[in-house]
Amino acid sequence: LDAQKGQQYFENLFQKKDFSAANYFELPQHSENPIWIVELLKILGSVTTTSEARRLIEAGAITVDEKKIVDFKEYVTTCSGMKIKVGKHKFYQIK
């Protein structure tokens, strides 16, 4: 039963690109908007250091609403429903 749930989760998230199974995240009230992409990644908990975020961005591993982030200094305007993908396996959606 757990294996079937795991397979269904995998198929929905990775094959069908269904973000309903993504980690939902609510940004703190005091967050800047637009926010520096590195700061957003730190708030989400997907990276712990600025250099880790830089490596992911330079490798093209960060996408925000299907747009690949390639500039380490980029600012993004957050909104409800925004989808963020970090690497191959971390998916977030802003509440």
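This report concerns the structure included in the present document.

Cut-off values and rules
- Residues numbered from 1 in each chain as written.
- Predicted model: local features only at pLDDT ≥ 70, side-chain atom pairs only at ≥ 80, totals over all residues.
- Heavy atoms only, no water.
- Helix = DSSP H or I, 4+ residues; strand = E, 2+ residues; numbered from the N terminus.
- Contact = heavy atoms within 4.5 Å.
- Areas by Shrake-Rupley, 256 points an atom, 1.4 Å probe, with all protein chains shown as cover.
- Salt bridge = Lys/Arg side-chain N within 4 Å of Asp/Glu carboxyl O.
- Buried < 20%, exposed > 50% of the residue type's maximum accessible area, 1.4 Å probe, protein only.
- Core = buried A, V, L, I, M, F, W, Y, C linked by side-chain atoms within 4.5 Å.
- Phe/Tyr/Trp six-rings, centres within 6.5 Å; stacked < 30°, edge-to-face > 60°.
- Lys NZ or Arg CZ within 6 Å of the ring centre and 35° of its normal.

**Looking at the overall build of the chain**
Secondary structure summary: the chain contains three helices and seven strands in total. Sequence separation of 24 or more characterises 48% of the internal contacts of the chain that already satisfy a separation of 6 or more. Accessible surface, the chain as shown: approximately 6200 Å² in total, 50% of it carbon and sulfur.

**Some words on the pattern of salt bridges**
Tallied over the entire structure, the rule returns one salt bridge. Across the pair E74 and K67 runs a salt bridge, and its minimum N-O distance is 2.8 Å. Among the residues examined, E74 registers a relative accessible area of 19% and is labelled buried. By relative accessible area, which is 44% here, K67 ends up partly exposed.

**Thoughts on the nonpolar core**
With 20 residues, the main nonpolar core has I37, L40, L41, I57, I62, I69 and I84 as its most contacted residues. Those elements giving two or more residues to this core turn out to be α2 (37-44), α3 (50-58), β3 (62-64), β6 (83-86) and β7 (90-94). When residues of this core are assigned to their parent elements, the largest contribution, five residues, is made by α2. Apart from residues no more than four positions distant in its own chain, I69 is found in contact with I37, I57, I62, V64, E74 and V76.

**Thoughts on the packing of aromatic side chains**
How two aromatic rings sit relative to each other is given by the distance of their centres and the angle of their planes. Applying the stated criterion across every chain yields a total of one aromatic pair. With 5.6 Å between their ring centres and 80° between their planes, W36 and F72 make a pair best called edge-to-face. Of the two residues, W36 sits in strand β2 (residues 35-36) while F72 sits in the loop between β4 (67-68) and β5 (75-76), which places them 36 residues apart along the sequence. Residue classification places W36 among the partly exposed positions, given a relative accessible area of 24%. The positively charged end of R54 is found above the aromatic ring belonging to F72, 4.0 Å away from the centroid.

Limitation: the analysis is restricted to geometry and does not speak to function.
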